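# Descriptive structure summary
Here are the chains, one letter per residue:
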Amino acid sequence: MNAIGVDVGGTKIAAAVVSSEGEILNEVRYPTQAVPPNRLVETIARAVTEVKDGYAVGGVCLAVPGLILAAENKVVFSPNLHEIEDIRLDEEMGRRTGLSVTVENDANAAAWGEFRFGAGKDVDHLVFITLGTGVGGGVITHGVLLRGSQGSGGELGHVTIDPAGPRCGCGNHGCLEALASGTAIERRAREVASELPNSALGRLAIQRRVLGEDVTRLAQEGDEAALQVLQETGMWLGIGLAGFVNVFNPEVIAVGGGASRAGEFVLGPARKEVQLRARSPSRDLVQIQEASLGPESGVLGAAALARGEDGEYVLGPSKRVT
Ligand SMILES: [Zn+2]
């Protein structure tokens, strides 16, 4: 049986029919901005109905950014998607689509996608972290997604790394998100550009706003200032990962999101920090690598988290049933 995964993002709604092997059989995308604010639920339901298009489907899972209560299939807070807050989405969407519907945090869904079909497909213990505008994460231990008591666990981006650090979007200071996200790279790039005005980064910053991808490109060209920004980002990331290595003893840490395109410029210093700070034997086992599914991890993971009427995962509980 197939399942439908829906990635409900601030820029697009992507719905996909996914087979039990993780193959996308059909996909539809709607730009979120084109949806009138009071039509979001209706549009998600339409995307599900449209993508189903004759396929046998056992259930649907919506991956939503923000704070969710998985047990109640409710979104508590989702910036840019306020219309779907505090609604029983299983009931509302179930009524409109005639399918069994559940809700998951988008980073947890992406983590599950990497676990089932990507960088974690051969392991039972995975930490996934996504470095985008913010930092999201998910933890799989013994083949089970760590949700915590309310389904809002796995918020790896808001672990405090430096209490005196820059302010985070959540209101705290020095969260991993405030130090190692794409946004943090851009902020630090502005600071280093003004400290080193004669560097390529410094010269670019005088002309226009520097983006994360500019920093990666300049680092590839050997610019010292850009290399410094990514080295520092990797160091902060590594401090966070060292803690996760100690707590979860994962086999693989998969790093995804836009900022992961900086690749070894960030992952190299992160690995070094993990070696310095994490405990043996966990630090000796863990492989820190780039995530492999890219932006499709959201729909794939959501589909793999869809549950049927009986409450069981439609695509199976795990790749290793013990
Ligand atoms: Zn935070």
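Bear in mind the structure is a predicted one, so any value in this text is a computation, not a measurement.

How each quantity is defined
- Residues numbered from 1 in each chain as written.
- Predicted model: local features only at pLDDT ≥ 70, side-chain atom pairs only at ≥ 80, totals over all residues.
- Heavy atoms only, no water.
- Helix = DSSP H or I, 4+ residues; strand = E, 2+ residues; numbered from the N terminus.
- Contact = heavy atoms within 4.5 Å.
- Phe/Tyr/Trp six-rings, centres within 6.5 Å; stacked < 30°, edge-to-face > 60°.
- Buried < 20%, exposed > 50% of the residue type's maximum accessible area, 1.4 Å probe, protein only.
- 1 Å grid on protein atoms, 1.4 Å probe; cavity = no way out; pocket = protein on both sides within 12 Å on 5 of 7 lines; lining within 4 Å.
- Points joined across faces, edges and corners; volume = space filled by probe spheres on them.
- Nonpolar A, V, L, I, M, F, W, Y, C, P; charged D, E, K, R; others polar.
- Domains from an automatic or database assignment.

Within the secondary structure, Thr102 sits in strand β7 (residues 101-105). The residues contacting Thr102, other than those within four sequence positions of it, are Val60, Cys61, Leu62, Asn73, Leu305, Ala306 and Arg307.

Another point: the packing of aromatic side chains. Within the structure shown, the criterion is met by two aromatic pairs. Pairing Trp112 with Tyr313 gives two aromatic rings, centres 5.9 Å apart and planes at 35°, and the pair type is tilted. You can see Trp112 sitting in helix α3 (residues 106-117) and its partner Tyr313 sitting in the segment after α11 (297-305), a full 201 residues away along the chain. Both residues of the pair, Trp112 and Tyr313, count as buried.

Rolled over the atoms, a probe sized like a water molecule indicates the empty space that remains. Inspection of the entire model under this criterion finds two cavities of 30 Å³ or more. The computed volume of the largest cavity comes to approximately 40 Å³. Around the largest cavity, the lining residues are Asp7, Lys12, Ala14, Glu27, Arg29, Pro295, Glu296 and Val299. Those elements giving two or more residues to the lining of the largest cavity turn out to be β2 (12-18) and β3 (24-31). A breakdown of the residues in the lining of the largest cavity according to their chemical character gives three nonpolar, no polar and five charged. Lining the second largest cavity are Gly66, Leu67, Ile68, Asn105, Asn108, Gly151, Ser152, Gly153 and Glu155. Residue classes in the lining of the second largest cavity are distributed as two nonpolar, six polar and one charged. Two domains each donate at least three residues to the lining of the second largest cavity, and these are domain 1 (2-111 + 296-305) and domain 2 (122-291).

These figures come from the coordinates and say nothing about function on their own.
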